[in-house]
Amino acid sequence: MKGKQILIVDDQEHLRELVQLCLEDLAGWNTLVAESGEECLQILQTERPNAILLDISMPGMDGFAVYARLRSDPITRSIPVILLTARVMSSDMANFAEMGVAGVIRKPFEVTTLPGKVAEILGWDD
């Protein structure tokens, strides 16, 4: 799993830093960070991460709008997206499944298990 790169998109700085530290230190993955949907799309003009962890509730362009843009672009549509969200009701899960996201990780989450959950969702074996 070494050598994987993940783009973390969340408007909360402390959460971005925590996820980044966890994925780098515990899993040995490289990370990129974006504090907004707009910054995410800007990064993807030059970078091709192996996966994206995307917050849904962000000011400006929310995660749904970002995801729609990713899927409409032939270059980014194949990048797996895992949603990081506190907004998870049964109706939301059905919508997420219809959208075709790779998976959903509920906030708050246990940081020590995050790399394992990401690897499991993406089918990344050691």
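Conventions used here
Residues numbered from 1 in each chain as written. Predicted model: local features only at pLDDT ≥ 70, side-chain atom pairs only at ≥ 80, totals over all residues. Heavy atoms only, no water. 1 Å grid on protein atoms, 1.4 Å probe; cavity = no way out; pocket = protein on both sides within 12 Å on 5 of 7 lines; lining within 4 Å. Points joined across faces, edges and corners; volume = space filled by probe spheres on them. Helix = DSSP H or I, 4+ residues; strand = E, 2+ residues; numbered from the N terminus. Nonpolar A, V, L, I, M, F, W, Y, C, P; charged D, E, K, R; others polar. Buried < 20%, exposed > 50% of the residue type's maximum accessible area, 1.4 Å probe, protein only. Contact = heavy atoms within 4.5 Å. Core = buried A, V, L, I, M, F, W, Y, C linked by side-chain atoms within 4.5 Å. Pairing = 2+ DSSP bridges.

Another aspect to go through is the layout of surface pockets. If you add up the space inside the largest pocket, you get close to 190 Å³. Along the walls of the largest pocket sit E38, L41, Q42, L44, Q45, R48, R69, L70, D73, I75 and T76, which together make up its complete lining. Mapped by element, the contributors of at least two residues to the lining of the largest pocket are α2 (37-43) and α3 (63-72). The biggest single contributor to the lining of the largest pocket is α2, with three residues. Across the lining of the largest pocket, the residue classes tally to four nonpolar, three polar and four charged.

Turning next to the side chain of T76. As for its position among the elements, T76 is in the loop between α3 and β4 (81-85). A residue is classified by how much of its surface remains accessible, and T76, at 5% relative accessible area, is buried. Not counting chain neighbours up to four residues away, the residues in contact with T76 comprise L44, R69, L70 and R71.

Attention shifts here to the side chain of T85. Here T85 shows up in strand β4. Judged by relative accessible area, T85 falls into the buried class, the value being 1%. Residues contacting T85, with those up to four places away along its chain left out, are I56, F96, V104, I105, R106 and K107.

This paragraph deals with the environment of Q45. Relative to the helices and strands, Q45 resides in the loop between α2 and β3 (51-55). The exposure class of Q45 is exposed, given its relative accessible area of 63%. Remark: the alpha-carbon pair of Q45 and T76, spanning 31 residues in sequence, is separated by 9.2 Å.

The next thing to look at is the nonpolar core. L7, V9, I52 and L54 are the most contacted members of the largest nonpolar core, which totals 21 residues. If you list the elements that add at least two residues to this core, you get β1 (5-9), β2 (30-34), α2, β3, α3 and β4. The residues touching L54, leaving out its near neighbours within four places in the chain, are V9, G63, V66, Y67, V81, I82, L83 and L84. Judged by nonpolar contacts, the second largest core, of 19 residues, contains F109, L114, V118 and A119.

Of all five residues that make up β3, five are buried, and the element is covered over most of its length. Alternating positions in β3 separate into two faces, A51, L53 and D55 on one and I52 and L54 on the other, with burial throughout. Summarising the sheet, β1 and β3 pair through four bridges and their orientation is parallel. In the strand pairing of β3, I6 is matched with A51. One ladder, built from four bridges, connects β3 with β4; its direction is parallel.

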